[in-house]
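# Observations on chain architecture
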Amino acid sequence: MKRIFDIVASGCGLIVLSPLFLIVAIWIKLDSKGPVFYRQVRVGRGNRDFRIFKFRSMRMGSDKGSLVTIGGRDSRITHSGYFIRKYKIDELPQLINVFIGDMSLVGPRPEVRHYVDYWTPEQMHVLDVRPGITDPASIRFINENELLEKAEAPEKYYIEVIMQEKIKLYLEYVEKSGFWYDIKLIFQTFKTIIKTK
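How each quantity is defined
Residues numbered from 1 in each chain as written. Predicted model: local features only at pLDDT ≥ 70, side-chain atom pairs only at ≥ 80, totals over all residues. Heavy atoms only, no water. Helix = DSSP H or I, 4+ residues; strand = E, 2+ residues; numbered from the N terminus. Rg over C-alpha atoms; globule rule 2.2 N^0.38 Å. Buried < 20%, exposed > 50% of the residue type's maximum accessible area, 1.4 Å probe, protein only. Phe/Tyr/Trp six-rings, centres within 6.5 Å; stacked < 30°, edge-to-face > 60°. Lys NZ or Arg CZ within 6 Å of the ring centre and 35° of its normal. pLDDT = per-residue confidence, 0-100. Expected span 1.5 Å × (residues − 1). Bend = angle between axes of the 7 residues up to and from the residue. Contact = heavy atoms within 4.5 Å. Patch = residues over 30% accessible without salt bridge, like charges linked within 9 Å, V, L, I, M, F, W, Y side chains within 5 Å. Areas by Shrake-Rupley, 256 points an atom, 1.4 Å probe, with all protein chains shown as cover. Salt bridge = Lys/Arg side-chain N within 4 Å of Asp/Glu carboxyl O. Core = buried A, V, L, I, M, F, W, Y, C linked by side-chain atoms within 4.5 Å.

### Digging into the overall build of the protein chain
For the protein chain, the count of helices and strands is nine helices and four strands. Each helix and strand of the protein chain, placed in order from N terminus to C terminus, yields the pattern α-α-β-β-α-α-β-α-β-α-α-α-α. For 197 residues, the compact-globule estimate of 2.2 N^0.38 gives 16 Å, and the C-alpha radius of gyration of the protein chain, at 16 Å, lies within 12% of that figure. Along the first, second and third principal axes, the C-alpha atoms of the protein chain reach 45 × 40 × 35 Å.

### Side note on unusual backbone geometry
Although it is not a glycine, N47 adopts a positive phi angle of roughly 65°. In this structure, N47 sits in the loop between β1 (37-43) and β2 (49-55). Since its relative accessible area comes to 32%, N47 is described here as partly exposed. The phi angle at K88 is positive, at roughly 60°, despite the residue not being glycine. Looking at the secondary structure, you find K88 in the loop between α3 (79-86) and α4 (94-100).

### Digging into the packing of aromatic side chains
Under the defined criterion, the tally for this structure stands at nine aromatic pairs. Relative to F53, the ring of F37 lies with its centre 5.7 Å away and its plane at 85°, an arrangement referred to as edge-to-face. A residue pair is termed long-range when its members are at least 10 positions apart, and F37 in strand β1 and F53 in strand β2 qualify at 16 residues. Looking at F37, the relative accessible area reads 31%, which means it is partly exposed. An aromatic cluster is built from F21, F37, F53 and F55, whose rings are joined through pairwise contacts. Above the plane of the ring of F141 lies R140, whose end atom (NZ or CZ) is 4.5 Å from the centre.

### Some thoughts on the confidence of the model for the protein chain
Averaged over every residue, the pLDDT of the protein chain is 92; residues scoring 70 or more account for 95%. Of all helices and strands in the protein chain, the one with the weakest mean pLDDT is helix α7 (residues 144-150) (87), whereas α4 scores best (98).

### Remarks on helix α8 (residues 154-176)
A rise of 1.5 Å per residue sets the reference length of α8, with its 23 residues, at 33 Å; its end C-alpha atoms lie 31 Å apart and thus fit the reference within 8%. Maximal helix bending in α8 amounts to about 35°, located at M163. Those residues of α8 that are buried are in contact with α1 (2-16), β3 (104-106), α5 (113-116), α6 (136-140), α7 and α9 (179-196).

### Some details on a nonpolar patch on the surface
A surface patch of nonpolar side chains, about 270 Å² in accessible area, is lined by I7, F99 and I100. Mapped onto the fold, F99 is located in helix α4.

### Comments concerning the nonpolar core
Within the largest apolar cluster, 19 residues are counted, with the highest numbers of intra-cluster contacts made by Y115, W119, V126, Y158, M163 and I167. Residue assignment for this core shows that the elements contributing at least two residues are α5 and α8. Take this core: its biggest share by element is eight residues, from α8. When sequence neighbours within four positions are dropped, the list of residues in contact with W119 reads E111, M124, V126, L127, M163 and I167. Counting residues in hydrophobic clusters, the runner-up holds twelve residues, among them F50, M103, I139 and L185.

### Regarding the pattern of salt bridges
A side chain with one charge can pair with a side chain of the opposite charge if their charged atoms come near. Counting across every chain of the model gives eight salt bridges. Between K2 and D182 there is a salt bridge; the shortest N-O distance is 2.3 Å. Of the two residues, K2 is situated in helix α1 and D182 in helix α9; the sequence distance between them amounts to 180 residues. The exposure class of D182 is buried, given its relative accessible area of 5%. Through salt bridges with shared partners, a single network forms among K54, D90, E91 and R109.

The following block contains the structure:
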């Protein structure tokens, strides 16, 4: 049921949002050099790597430095990038990942291999389910960039504090995962985005 819902919802979402995708794509191309999409390798279900679709919000070559972004102080983010990140528009192309089966609408956010390498065997149970576009940790840490901006050592703070809290929420989701719980989290996500912007 969850997979059928993912296919139908992501397919409809891609059709309905196609005009917005076109506008954002043109803006990104006019704003800075580089491709419209950013295809970063993330770790998915069963500890398998896949490439995630995101609208590019940073300048070319920015991923060769720190993997965390730090709010308004991060000069790597483009002008269009600040806007699409603020309203989570950069995440919308992940509907493609949902449609083809790499991801689900709801599930633990997929992490890069660099950070998964820090996980304990128990924490690796996060990878028992498909990663998602949203989950309880996404709602709880919707202001993650602002938290990292205040930290003296952002990457250290992410690994030792934020990531640990996120993983606890991921594991709770794995235990409670269910269709109606997913629907509830989708509505909570929309509500949180609207409330905080």
